[in-house]
Amino acid sequence: GESVGLHLPTLSVQEGDNSIINCAYSNSASDYFIWYKQESGKGPQFIIDIRSNMDKRQGQRVTVLLNKTVKHLSLQIAATQPGDSAVYFCAENSSEYGNKLVFGAGTILRVKS
Amino acid sequence: DAGITQSPRHKVTETGTPVTLRCHQTENHRYMYWYRQDPGHGLRLIHYSYGVKDTDKGEVSDGYSVSRSKTEDFLLTLESATSSQTSVYFCAISESRPSEQYFGPGTRLTVT
């Protein structure tokens, strides 16, 4: 597979532990946020989204937290599995961006068995 | 990949030649997008479409054109390929804006 980011931050976790991936977004006017997972050689896969009128949203094994005060977004993965190893991207949307998603550079998650 | 196909999946071409990449969706979504992904830059929007024959530029549109004559197809053309356009190209679709975008499997383009 192709490396999508040669110098991305990397998070290494033990299988079964919880993972927390962080994202600092840039625009205080952003009103919609998404987390994507990208495995090597594949397209980004939607994980979970959250709108700015919420501060927490839960999915299956994942939770997204939004702190608008400090413009911070986090993705928590419970009981991390080897299949969670991938690059994780956050994306933000704002009317100032013409309602187009702006993507962060990503974080590599490595799960140790 | 949410009913999205891209063709070709891999292509090697020479500098100066025109190249067309195709994105095809079976979801009947209104919005379609073309991104490029490069190490150190993440995903960057090239062009997008908000309906048949309705398109607009993204942040890295120079050297690219698009067309959408049918809801299901969105074409990306490199008018005269350059080595700087060597990249992985992703198509995405969404029902509304803003909303989650679903991505295709990607096309790896190498310009020699």
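This is a predicted model, so every value here is computed, not measured.

Moving on, we get to the overall build of chain A. Along chain A, the regular secondary structure elements total zero helices and ten strands. For chain A, the α and β elements follow one another from N to C terminus as β-β-β-β-β-β-β-β-β-β. Taken over the C-alpha atoms alone, chain A extends approximately 40 × 30 × 20 Å along its principal axes. Within chain A, the fraction of its 113 residues that count as buried is 43%.

Once that is clear, we can look at the packing of aromatic side chains. Residues and elements named next belong to chain A. In this structure the tally under the stated criterion is 13 aromatic pairs over all chains. On the basis of an interplanar angle of 80 degrees and a centroid distance of 6.3 Å, the ring pair of tyrosine 36 and phenylalanine 46 is categorised as edge-to-face. One end of the pair, tyrosine 36, is in strand β3 (residues 32-38); the other, phenylalanine 46, is in strand β4 (residues 45-51), with ten residues separating them in the sequence. Overall, phenylalanine 46 belongs to the partly exposed group, its relative accessible area being 22%.

Residue and element names in this part refer to chain A. Taking strand neighbours across the sheet as the criterion, the four strands line up as β2-β7-β6-β5 in an open arrangement whose pairing is antiparallel. Each edge of the open sheet is held by one strand with a lone partner, namely β2 (19-24) and β5 (56-58). Looking at each pair of strands side by side, their axes are set apart by 15 degrees on average, direction ignored.

For the rest of this paragraph, the subject is the side chain of threonine 80 of chain A. All names here are of chain A. Counting through the fold element by element, threonine 80 comes out in the loop between β7 (72-77) and β8 (86-94). At a separation of 2.7 Å, a polar atom in the side chain of threonine 80 contacts the main-chain carbonyl oxygen of aspartate 17. Ignoring any residue separated from it by four or fewer positions in sequence, one finds threonine 80 in contact with Val13, Glu15, Gly16, Asp17, Asn18, Ser19, Arg61, Leu109 and Val111.

On to the environment of glycine 98 of chain A, then. Residues and elements named next belong to chain A. Inspection of the secondary structure assignment puts glycine 98 in the loop between β8 and β9 (100-103). Judged by its relative accessible area of 28%, glycine 98 is partly exposed. For the pair formed by glycine 98 and serine 113, sequence separation is 15 residues and the distance between their alpha carbons is 43 Å.

To summarise the sheet geometry, strands pair through backbone hydrogen bonds and adopt either a parallel or an antiparallel arrangement. Residues and elements named next belong to chain B. Strands sit in the order β1-β3-β8-β7 across an open sheet of four strands; the sheet is antiparallel. Where the open sheet ends on each side, the last strands, each with one partner, are β1 (4-7) and β7 (64-70). On average, each strand axis in the sheet is tilted by 20 degrees relative to the strand beside it, whichever way the strands run. Note that strand β3 (residues 19-25) and strand β8 (residues 73-78) share six bridges and pair antiparallel. In the strand pairing of β8, histidine 24 is matched with aspartate 73.

Scoring rules and cut-offs
- Residues numbered from 1 in each chain as written.
- Chains lettered and ligands numbered in written order.
- Predicted model: local features only at pLDDT ≥ 70, side-chain atom pairs only at ≥ 80, totals over all residues.
- Heavy atoms only, no water.
- Helix = DSSP H or I, 4+ residues; strand = E, 2+ residues; numbered from the N terminus.
- Buried < 20%, exposed > 50% of the residue type's maximum accessible area, 1.4 Å probe, protein only.
- Phe/Tyr/Trp six-rings, centres within 6.5 Å; stacked < 30°, edge-to-face > 60°.
- Pairing = 2+ DSSP bridges.
- Axes fitted to C-alpha atoms, helices over the stretch in contact; angles between N-to-C directions.
- Polar contact = N/O pair within 3.5 Å; in protein donor to acceptor, adjacent residues only side chain to side chain.
- Contact = heavy atoms within 4.5 Å.

Interpretation in functional terms is not warranted from these geometric data alone.
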